[in-house]
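Inside the fold
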Amino acid sequence: MKLHISPSLRHVTVVTGKGLKEFIKVKVGSRRFSYQMMFYSLLFFTFLLRFVFVLSTVDTIDGDPSPCSSLACLGKRLKPKLLGRRIETTGNVPEAMYQVLEQPLSEEELKGRSDIPQTLEDFMSEVKRSKSDAREFAQKLKEMVTLMEQRTRTAKIQEYLYRHVASSSIPKQLHCLALKLANEHSINAAARLQLPEAELVPTLVDNNYFHYVLASDNVLAASVVAKSLVKNSLRPHKIVLHIITDRKTYFPMQAWFSLHPLSPAIIEVKALHHFDWLAKGKVPVLEAMEKDQRVRSQFRGGSSVIVANNNENPVVVAAKLQALSPKYNSMMNHIRIHLPELFPSLDKLVFLDDDIVIQTDLSPLWDIDMDGKVNGAVETCRGEDKFVMSKKFKSYLNFSNPIIARNFDPEECAWAYGMNVFDLAAWRKTNISSTYYHWLDENLKSDLSLWQLGTLPPGLIAFHGHVQTIDPFWHMLGLGYQETTSFSDAKTAAVVHFNGRAKPWLDIAFPHLRPLWAKYLDSSDRFINSCHIRAS
């Protein structure tokens, strides 16, 4: 670097090592310029240039390929440094990190590695110790995050698998209860009473009563639904509860309600084989269940096959495991589509699932104007809980299949089973049941590709255009899978529904919500007590 002063002392020229010039003009007002002042000025500029040289050298050491050759360029670069910060928007360091992070990393590359940090603290210690550059930093970060993702995914799938096993199995307490009641039925005449009594039989077809239908093979669950219904009713003497069960549960169910009457309500217990309509010839629901079971066993495999798929999203794995639940191939779950045939004399009824609790009088449901519609139900696409109340047709139906895409709107609001008002008189004028079986058959032909699980998807299709929306107050959902549901909010609903795996009679139930159900258990009852069924 050279310094040249003009004879007039009006210009000072700085020549860099590369021969490039920068002019620093010093305007002097008079020749009476102090040589002493000029000397101090030269010292100042010399110091300033050395300072600029040091800072620009730091840029070169940092790896900048384009060092500045002008004071303007240096000014732009040095400004953030002088302010104590450095702003890089398009520098090579972030770009290098992006390149590393975007490269795929397989599970095999991480298998058996012991050098990958396990915590953020380990990661920071490793980076400081090795003084990693940008690429090494990004590589270590990617390995650590990928490993954590794999472990999180594995843990999540294991959780879903354990919940699937817990929810699909029969708890020993429920098995104990069924056995003790079956034994009681065989030795105690009081456990074999005709339900209802002979003089009350005409009420079973009397449309002046409030008729409820409960289909269940779970005695304990049915007892809670029945007790909560009657206890919270303002007119219990007008209640007729029709309980439908299967052959194996009929004797225990009859024994329970014979020994635990809910007078003045009228209780009927009937097994499927007692219905003449189901006993005659071929029944579509039974044929559909047989076909569905064959197809599921062929294409889905067992739970071990599902969880072994390393490329599947855990949420998808959970949905497939749920599809294996025995209840989805249970007659109790399909029976509602045949309500007009099962109850040919009734004009209107309320159908109840066995995983609900009733908390208020339901008689106002009979005053709802159905406007010619068949199914009174709560919609599930609107509400404060965006997890539970965000369900549309696209949540249940596979719109990548052209058959579904041609016939339905993915944004159409879904509705819920669990507590439904059915106008049977209006239903008999429609082809809802035949539509239901047509689409079940279409799903079987397409290898279960139209939807994956449950009776709600074909129900959404069959009742399409026949649903009357009712106030959400009547039916609160999600207590079997939404842990964040508050007890105070649930307590204000007319009906709470423990849909999901965390059923209230299982150990995996949410502790803060289980009391809503357990309050209807009598811990002093000899059957409940001897089978160690806890109320809390």
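Residues numbered from 1 in each chain as written. Predicted model: local features only at pLDDT ≥ 70, side-chain atom pairs only at ≥ 80, totals over all residues. Heavy atoms only, no water.

**Focus: the pattern of salt bridges**
With the rule as written, the count across this model stands at 10 salt bridges. With its nearest N and O atoms 2.8 Å apart, the salt bridge here joins Arg129 to Glu126. Here the residue Arg129 and the residue Glu126 both occupy positions in helix α5 (residues 120-130), the gap between them amounting to three residues, near one helical turn. Here Arg382 and Glu379 are joined by a salt bridge, their closest N and O atoms 2.3 Å apart. Relative accessible area serves as the criterion here: at 54%, Arg382 is assigned to the exposed category. (Salt bridge = Lys/Arg side-chain N within 4 Å of Asp/Glu carboxyl O. Helix = DSSP H or I, 4+ residues; strand = E, 2+ residues; numbered from the N terminus. Buried < 20%, exposed > 50% of the residue type's maximum accessible area, 1.4 Å probe, protein only.)

**Points about the state of the cysteines**
In a disulfide, the sulfur atoms of two cysteines are covalently bonded to one another. Throughout the structure, instances matching the rule amount to two disulfides. There is a disulfide in this structure between Cys176 and Cys531, and the S-S distance comes to 2.1 Å. Since a negative S-S torsion denotes a left-handed disulfide, the Cys176-Cys531 link at about -80° is left-handed. Highlighted residues: Cys176 in helix α7 (residues 172-187) and Cys531 in the segment after α22 (526-530), separated in sequence by 355 residues. In this structure Cys176 comes out as buried when scored by relative accessible area, which is 18%. (Disulfide = S-S within 2.5 Å.)

**Digging into the packing of helix α8 (residues 219-231) against helix α9 (residues 247-259)**
Packing of α8 against α9 leaves a shortest axis separation of 10 Å and a crossing angle of 35°. The hand of the α8/α9 crossing is right-handed. Contacts between α8 and α9 involve Val219, Ala222, Ser223 and Ala226 on the former and, on the latter, Thr249, Pro252, Met253, Trp256 and Phe257. (Axes fitted to C-alpha atoms, helices over the stretch in contact; angles between N-to-C directions. Left-handed = near helix turned anticlockwise from the far one by under 90°. Contact = heavy atoms within 4.5 Å.)

**A closer look at the packing of aromatic side chains**
In this structure the tally under the stated criterion is 14 aromatic pairs. Ring geometry for Phe393 against Phe408: centres 6.3 Å apart, planes inclined by 50°, an arrangement best described as tilted. With Phe393 in the loop between β9 (375-377) and α16 (402-407) and Phe408 in the loop between α16 and β10 (419-423), the pair connects residues that are 15 residues apart, well separated along the chain. Take Phe393: its relative accessible area is 2%, and that puts it in the buried class. Look at Phe408 and you get buried, because its relative accessible area is 10%. Seen in terms of ring centroids, Trp505 and Trp517 are 6.1 Å apart; in terms of plane orientation they differ by 55°. Their pairing is tilted. Of this pair, Trp505 sits in the loop between β12 (495-497) and α21 (515-518) while Trp517 sits in helix α21, and the two are 12 residues apart along the sequence. The burial state of Trp505 is the same as that of Trp517; both residues are buried. Three or more aromatic residues joined by ring pairs form one cluster here, namely Trp415, Tyr417, Phe422, Trp427 and Phe463. (Phe/Tyr/Trp six-rings, centres within 6.5 Å; stacked < 30°, edge-to-face > 60°.)

**Describing the nonpolar core**
If you look at the biggest cluster of nonpolar residues, it comprises 71 residues, and the most contacted ones within it are Leu177, Tyr212, Leu220, Phe257 and Trp517. Looking at which element gives the most residues to this core, the answer is α8, with nine residues. Look past the residues within four positions of Trp517 in its chain and what remains in contact with it is Leu220, Val224, Val357, Phe498, Pro504 and Trp505. Counting residues in hydrophobic clusters, the runner-up holds 41 residues, among them Phe275, Leu339, Phe343 and Ile404. (Core = buried A, V, L, I, M, F, W, Y, C linked by side-chain atoms within 4.5 Å.)

**Observations concerning the environment of Ser223**
With respect to the helices and strands, the residue Ser223 is situated in helix α8. Taking the relative accessible area as the measure of exposure, Ser223 reaches 8% and is therefore buried. Expressed as a C-alpha distance, the spacing of Ser223 and Phe257, which sit 34 residues apart in the sequence, is 8.0 Å. Leaving out residues up to four positions away in the same chain, Ser223 has contacts with Trp256 and Phe257.

**Some points on the sheet that holds strand β5 (residues 239-245)**
Taken in spatial order, the seven strands make up an open sheet running β6-β5-β4-β7-β10-β9-β11, and their pairing is mixed. Every other strand in the sheet has two partners, leaving β6 (266-271) and β11 (467-469) as the edge strands with one partner each. Ignoring strand direction, the axes of neighbouring strands in this sheet form an average angle of 25°. Alignment of β5 against β6, held across six bridges, turns out to be parallel. (Pairing = 2+ DSSP bridges.)

**Structural notes on the packing of α7 against α9**
The interhelical angle for the contact between α7 and α9, taken along N-to-C directions, is 75°, at an axis separation of 8 Å. On the basis of the axis angle, α7 is roughly perpendicular to α9. Each of Leu177, Ala178, Leu181, Ala182, Glu184 and His185 in α7 lies in contact with α9, whose residues at this interface are Phe251, Pro252, Gln254, Ala255, Trp256 and Leu259. Looking at side-chain class alone, the contact of α7 with α9 contains nine nonpolar, two polar and one charged residues. (Parallel < 35°, antiparallel > 145°, perpendicular 65-115°, else oblique. Nonpolar A, V, L, I, M, F, W, Y, C, P; charged D, E, K, R; others polar.)

**Focus: unusual backbone geometry**
Following Leu195, the chain continues to Pro196 via a peptide bond in cis, the omega torsion being 0°. Following the sequence through the fold, Pro196 ends up in the loop between α7 and β4 (210-215). In this structure, Pro264 follows Ser263 across a cis peptide bond, with omega equal to 10°. The residue Pro264 is located in the loop between α9 and β6 in this model. You will see that Asp371, though not glycine, has its phi angle at about 55°, which is positive. With respect to the secondary-structure elements, Asp371 resides in the loop between β8 (356-358) and β9. Of note, the phi angle at His532 is positive, near 55°, even though the residue is not glycine. Note on placement: His532 falls in the segment after α22.

**Looking at the environment of Ser486**
Structurally, Ser486 is set in the loop between β11 and α20 (487-491). For the pair Ser486 and His512, spaced 26 residues apart in the sequence, the C-alpha separation amounts to 8.0 Å.

**Regarding the side chain of Thr485**
Mapped onto the elements, Thr485 comes out in the loop between β11 and α20. Looking at Thr485, its side chain comes within polar contact range of the main-chain oxygen of Gln482, at 3.1 Å. (Polar contact = N/O pair within 3.5 Å; in protein donor to acceptor, adjacent residues only side chain to side chain.)

**So, the pairing of β6**
Among the six residues in β6, five count as buried, and that is most of the element. With α9 bridging β5 and its parallel neighbour β6, the resulting β-α-β unit is right-handed. (Right-handed = clockwise from strand over helix to strand, strands pointing away.)

Geometric descriptors of this kind do not, in isolation, establish any biological role.
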